[in-house]
Amino acid sequence: MADRYLHFTGTPPGRFLTRRLGLPRPAPLRRFGPAATDLGGPVILRTAGRSALDGPLPLDEPLTPDGTAGTAGTQAEAPRPAAVVLDATGVAGVADLAGVHSALHPLMRSLAPGGRIVVVGARPSADDHHQAAAQQALEGFTRSLAKETGGGRTANLVRLTSPDPAAAASTLRFLLSPKSAYVSGQVLELTGTAPAAAADPARPLAGRTALVTGAARGIGAAVAEVLARDGARVICLDVPGAGADLERTADALDGTALPLDITTGDAADRIVAALPGGELDILVHNAGITRDRRLANMSADRWSQVLDVNLAAVLDTTDALLKRGAVRRGGSVVATASIAGIAGNTGQTNYAASKAGVIGLVRSLAPRAAAAHGVTVNAVAPGFIETRMTAAVPLFIREAGRRMNSLAQGGLPVDVAEATAYLADPASGAVNGQVLRVCGQSLLGA
Ligand SMILES: NC(=O)c1ccc[n+]([C@@H]2O[C@H](COP(=O)([O-])OP(=O)(O)OC[C@H]3O[C@@H](n4cnc5c(N)ncnc54)[C@H](O)[C@@H]3O)[C@@H](O)[C@H]2O)c1
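Computed from a prediction, not measured in an experiment: that's the story for all the values here.

Moving on to the overall build of the protein. If you tally the helices and strands in the protein, you get 14 helices and twelve strands. What you see for the protein is a C-alpha radius of gyration of 22 Å, in line with the 22 Å of a compact globule of 446 residues. Dimensions of the protein, computed from C-alpha atoms along their principal axes, come out at roughly 65 × 50 × 45 Å. The 446 residues of the protein split such that 52% are buried. Pairs at least 24 apart in sequence give 74% of the contacts found in the protein among residues at least 6 apart. With the model as given, the accessible surface of the protein reaches about 19300 Å², and the carbon-plus-sulfur share is 56%. Looking at charge distribution, the protein has the averaged site of its 42 positive side-chain charges lying 7 Å from that of its 38 negative ones.

Okay, structure coming up:
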């Protein structure tokens, strides 16, 4: 379903009217593609106070001594910065927060439309409440900046739990690229270390095998496409009834179609039988359904259908595949939650319970899966994404869903797919147990 309002606001009368009436003004987002492989401008690095890191933050762009990447021209000729990264890891007390203001305040008017602000902080300390206060302050700061910056710009906070800056490499690469266009106002906490990036940055998943459930259409089809673009061999699973759609998706990316209802008792066996060598590297639980009713009107059937597909099958297949050692070391599990699982939603007690359950699963399993299997477990939590699922939402609620976020528009399936590919990248080994919202900083559960 096309977002006609977004199109209208890009026309001269649309611009005039929305400004006059104070209506939301969504900026068209620049997403990754052949014509947009990077942000298209310099990245500026600033530090608030003294960095607590062991070395410089890993940024792909070569930085000049003043922290400005890219161009060697004079200040007057320099293009507008496309991104600013603030190293605030050393912020340890309220006085240090002045350094956050002085580092970013002068740049805010010049940051290009569609630009990125990434604040890199440290984990709030359990032993030092001054440091904890100052580091927690960065969260309120970043989330507010994400709300006010406008023009398709985003702001996110990355917390490092160790002084090793290399842990941030893949996350900075993602946040400082057009792949993160619909990720804003988020906090990602990185633990442990990260393996080096793949030899070919254009195909970080080369040689890897991925299984994507619910891949016939919508977000799942986009995930399968993006993983294949990044080099993975993809097995596309969907219900047998998805038939031609599933074949089409799998054929288009030279993948394999696996018609299977994920809730059937022997699903894990049949998945393993379909995997080359009986193993995979990337397991994406995307299949999901809604059966909305207020609890007063909800049958036990509607309740259990949703819990069975969205949560029980995710738990069961994850357990079965990990137990058999079918997920190779360095692999990843990415489950699909939802902002409904964070904020709750009228008529969705079953759905929100299932998606909150996915978050519980991820947070609990992640450290144990890393220790026992060398596998990361994370979730994406989409907000309002333009798919058949949301096209079925009544018009007024659909319009509200689209506008009630800092980017004032719905996301596209590819936005969730890019976030999934980032979490599935072996170079993202330091990202574990995280719930990454892909929601344009939705006001729901904000
Ligand atoms: N679209 C959104 O705005 C949104 C927001 C938050 C979360 N999500 C979640 O993202 C995921 C994908 O959503 P979508 O909008 O692309 O939905 P969709 O309905 O377009 O696609 C879901 C796919 O899952 C498949 N599926 C359902 N039950 C299955 C089963 N038992 N076994 C195998 N496959 C099954 C369906 O056949 C379908 O192809 C879901 O988990 C959904 O809950 C979507």
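Glancing now at helix α9 (residues 300-323). At Asp 308, α9 shows its maximal bend, which comes to roughly 45°. Within the sequence span of α9, burial applies to Val 306, Leu 307, Val 309, Asn 310, Leu 311, Ala 313, Val 314, Thr 317, Thr 318, Leu 321 and Leu 322. Buried-residue contacts for α9 involve α8 (267-274), β9 (280-285), β10 (327-336) and α11 (349-373).

Now for the layout of surface pockets. Of the pockets and cavities examined, the second largest pocket occupies roughly 750 Å³. Contributing to the lining of the second largest pocket are 32 residues, with Asp 60, Arg 173, Phe 174, Ser 177 and Lys 179 lying nearest its centre. Elements represented by at least two residues in the lining of the second largest pocket include exactly α5 (169-175) and α14 (413-424). Here the residues of the lining of the second largest pocket sort into 17 nonpolar, six polar and nine charged. In this structure, the lining of the second largest pocket is formed jointly by two domains, domain 1 (31-71 + 80-190) and domain 2 (209-438), each of which donates at least three residues.

Looking now at the sheet that holds strand β12 (residues 435-438). The strand order β8-β7-β6-β9-β10-β11-β12 describes an open sheet built from seven strands, whose pairing is parallel. Looking at which strands have only one partner, the edges of the open sheet turn out to be β8 (256-259) and β12. On average, adjacent strands in this sheet sit at an angle of 20° to one another, irrespective of strand direction. Bridge analysis of strand β7 (residues 233-238) against β8 gives four bridges, and the strand direction is parallel. If you follow Cys 236 over to β8, its bridge partner there is Ala 257. Each of β9, β10, β11 (376-382) and β12 is contacted by α14, which is oriented at about 165° to β11, the strand it contacts most.

Cut-offs applied
- Residues numbered from 1 in each chain as written.
- Predicted model: local features only at pLDDT ≥ 70, side-chain atom pairs only at ≥ 80, totals over all residues.
- Heavy atoms only, no water.
- Helix = DSSP H or I, 4+ residues; strand = E, 2+ residues; numbered from the N terminus.
- Rg over C-alpha atoms; globule rule 2.2 N^0.38 Å.
- Buried < 20%, exposed > 50% of the residue type's maximum accessible area, 1.4 Å probe, protein only.
- Contact = heavy atoms within 4.5 Å.
- Areas by Shrake-Rupley, 256 points an atom, 1.4 Å probe, with all protein chains shown as cover.
- Lys, Arg positive; Asp, Glu negative; His and termini not counted.
- Charge placed at Lys NZ, Arg CZ, Asp CG, Glu CD.
- Bend = angle between axes of the 7 residues up to and from the residue.
- 1 Å grid on protein atoms, 1.4 Å probe; cavity = no way out; pocket = protein on both sides within 12 Å on 5 of 7 lines; lining within 4 Å.
- Points joined across faces, edges and corners; volume = space filled by probe spheres on them.
- Nonpolar A, V, L, I, M, F, W, Y, C, P; charged D, E, K, R; others polar.
- Domains from an automatic or database assignment.
- Pairing = 2+ DSSP bridges.
- Axes fitted to C-alpha atoms, helices over the stretch in contact; angles between N-to-C directions.

Interpretation in functional terms is not warranted from these geometric data alone.
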